[in-house]
Amino acid sequence: MRDSYFPERGPQRGASRPFPRRPKQPDNMIYGLRPVVEAIKAGKEFEKIIIQKGLQSNISRTLDALAREYRLHVQYVPPQRINFLCSGNHQGVVAYLSLIEYSRIEDLLPGIFEAGRNPLLLVCDRITDVRNFGAIVRTAECAGADAVIIPSQNSASLNQDAVKTSAGALMRVPICREGNLKSVIHYLKASGVFVCAASEKASTEYTQADFTRPTAFLLGSEEDGVSPEYLKLCDQQIRIPLFGGIESLNVSVANGILLYEAVRQRRA
């Protein structure tokens, strides 16, 4: 007789579900208070740092202060979460080193202008799906975009899946991780960049906008689009017309349409 649990059909009624397996510890994981503190002091790039709630030692306070100083992405979680992620002597801290080197838009944009290039940028607001983000960066690289800007919170983890989905483009396109997208939008506009938000509620179709000038496309999450506070700051809102019954495009598809409209206009 077969067991009461059939993998292809899921657990039968009344049968207990199997415990989730601890994920394999990736090569970019480090753990322990002192190793993480020293990695920060050494200038390492971090994808995120996960800290157990309630740590009260001097070294944990040092870690908190360094994370704030360097504006690192930190999550505070219960001890069960830490224990699930790491089987080693983690001391309440697990961190993931970044697979890429992040840039700052304030450092990058002046060099683009000085090189005589016409900036083409992407700003991603709360795009958290790893595969969507990888596809976005892949298209950005193919279209010759100069940078992709993401928030330090509420953004897809740039892990091995993201690198794979991007077909390696994450290693080629500068990624700017910024703490405040509102400040980024203000900076771009003050620098002469036309900031254009994609919104299904916009009255202007994307083919009617001028992308021959320095341009940044603002793309929002698939759940609710671009944040209202950012929409108000943009120079223009545009939409891609839809003729079927589905209300919106996948964000990576919309990204490709907009980027290649900019390419078309600039080559005309």
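Here, every reference points to the structure presented above.
Residues numbered from 1 in each chain as written. Predicted model: local features only at pLDDT ≥ 70, side-chain atom pairs only at ≥ 80, totals over all residues. Heavy atoms only, no water.

**So, the state of the cysteines**
- Across all of its chains, the model carries zero disulfides by this definition.
- A disulfide-free cysteine, Cys234 has its sulfur positioned 7.5 Å from the sulfur of Cys196, the nearest such atom.
- Take Cys234: its relative accessible area is 11%, and that puts it in the buried class. (Disulfide = S-S within 2.5 Å. Buried < 20%, exposed > 50% of the residue type's maximum accessible area, 1.4 Å probe, protein only.)

**A few points about the pattern of salt bridges**
- Taken as a whole, this structure holds ten salt bridges when the rule is applied.
- For Arg172, the salt bridge is made with Glu141, and the minimal N-O distance between the two is 3.2 Å. Of this pair, Arg172 sits in the loop between α6 (160–165) and β9 (175–178) while Glu141 sits in helix α5 (residues 130–142), placing them 31 residues apart in sequence.
- A relative accessible area of 29% places Glu141 in the partly exposed class.
- Asp235 is paired through a salt bridge with Lys189; the nearest N and O atoms lie 4.0 Å apart. Taken together, the positions of Asp235 in the loop between α8 (228–231) and β13 (236–239) and Lys189 in helix α7 (residues 181–190) put the pair 46 residues apart, joining distant regions of the chain.
- The exposure class of Lys189 is partly exposed, given its relative accessible area of 34%. (Salt bridge = Lys/Arg side-chain N within 4 Å of Asp/Glu carboxyl O. Helix = DSSP H or I, 4+ residues; strand = E, 2+ residues; numbered from the N terminus.)

**Re the sheet that holds strand β11 (residues 204–205)**
- Overall, parallel pairing links the seven strands, which are arranged β9-β8-β7-β12-β10-β13-β11 in an open sheet. Sheet topology places β9 and β11 at the edges, where each strand pairs with a single neighbour.
- Bridge count between strand β10 (residues 194–198) and strand β12 (residues 215–219): four bridges; the pairing is parallel. Within β12, the residue paired with Phe194 across the bridge is Thr215.
- Helix-sheet contacts for α7 involve β7 (120–124), β8 (147–151), β9, β10 and β12, and the interaxial angle to β8 is about 145°.
- Helix α9 (residues 251–267) rests against β7, β10, β12 and β13 of the sheet, and its axis sits at about 165° to β12. (Pairing = 2+ DSSP bridges. Contact = heavy atoms within 4.5 Å. Axes fitted to C-alpha atoms, helices over the stretch in contact; angles between N-to-C directions.)

**A short note on the packing of aromatic side chains**
- Taken as a whole and assessed by the stated rule, the structure comprises one aromatic pair.
- Measuring from centroid to centroid gives 4.8 Å for Phe211 and Phe217, while their planes differ by 80°, and the two rings are edge-to-face. For the pair formed by Phe211 and Phe217, the shared burial category is buried.
- One Lys or Arg, Arg177, reaches over the ring of Tyr102 and ends 4.0 Å from the middle of that ring.
- Positioned above the aromatic ring of Phe194, the side-chain terminus of Arg213 is 3.6 Å from the ring centre. (Phe/Tyr/Trp six-rings, centres within 6.5 Å; stacked < 30°, edge-to-face > 60°. Lys NZ or Arg CZ within 6 Å of the ring centre and 35° of its normal.)

**A word on helix α1 (residues 33–41)**
- Restricting attention to buried positions, one finds in α1 the residues Leu33, Val36, Val37, Ala39 and Ile40. For α1, the angular spread of the buried residues around the axis is 160°, confining them to a single face.
- Those residues of α1 that are buried lie in contact with β3 (29–31), β4 (46–52), α2 (58–69) and β6 (93–97).
- Just beyond α1, the residue with positive phi is Gly43, at close to 85°. (Arc of directions from axis to C-beta.)

**Structural notes on the sheet that holds strand β5 (residues 74–77)**
- Overall, mixed pairing links the four strands, which are arranged β3-β6-β4-β5 in an open sheet. Because the sheet does not close on itself, it has two edges, and the strands there are β3 and β5. On average, each strand axis in the sheet is inclined to that of its neighbour by 20°, with strand direction left out of account.

**Observations concerning the packing of α1 against α2**
- Relative orientation of the contacting elements α1 and α2 amounts to 30°, with a least axis distance of 10 Å. The orientation of α1 relative to α2 falls into the category roughly parallel. As α1 runs across α2, the sense of the crossing is left-handed. Within the contact between the two elements, α1 uses Leu33, Arg34, Val36, Val37, Ile40 and Lys41 and α2 uses Ile59, Ser60, Thr62, Leu63 and Leu66.
- For the contact of α1 with α2, the residue count by class is seven nonpolar, two polar and two charged. (Parallel < 35°, antiparallel > 145°, perpendicular 65-115°, else oblique. Left-handed = near helix turned anticlockwise from the far one by under 90°. Nonpolar A, V, L, I, M, F, W, Y, C, P; charged D, E, K, R; others polar.)

**Quick look at the nonpolar core**
- Grouped together as the largest cluster of nonpolar side chains are 38 residues, with contacts concentrated most on Phe133, Val148, Leu170, Ile175 and Phe217.
- At the level of secondary structure, the elements contributing two or more residues to this core comprise β7, α5, β8, α6, β10, β12 and α9.
- Sorting elements by how many residues they give to this core places α9 first, with six residues.
- When sequence neighbours within four positions are dropped, the list of residues in contact with Phe217 reads Leu120, Leu121, Leu122, Val123, Cys196, Phe211, Ile238, Leu258, Leu259 and Ala262. (Core = buried A, V, L, I, M, F, W, Y, C linked by side-chain atoms within 4.5 Å.)

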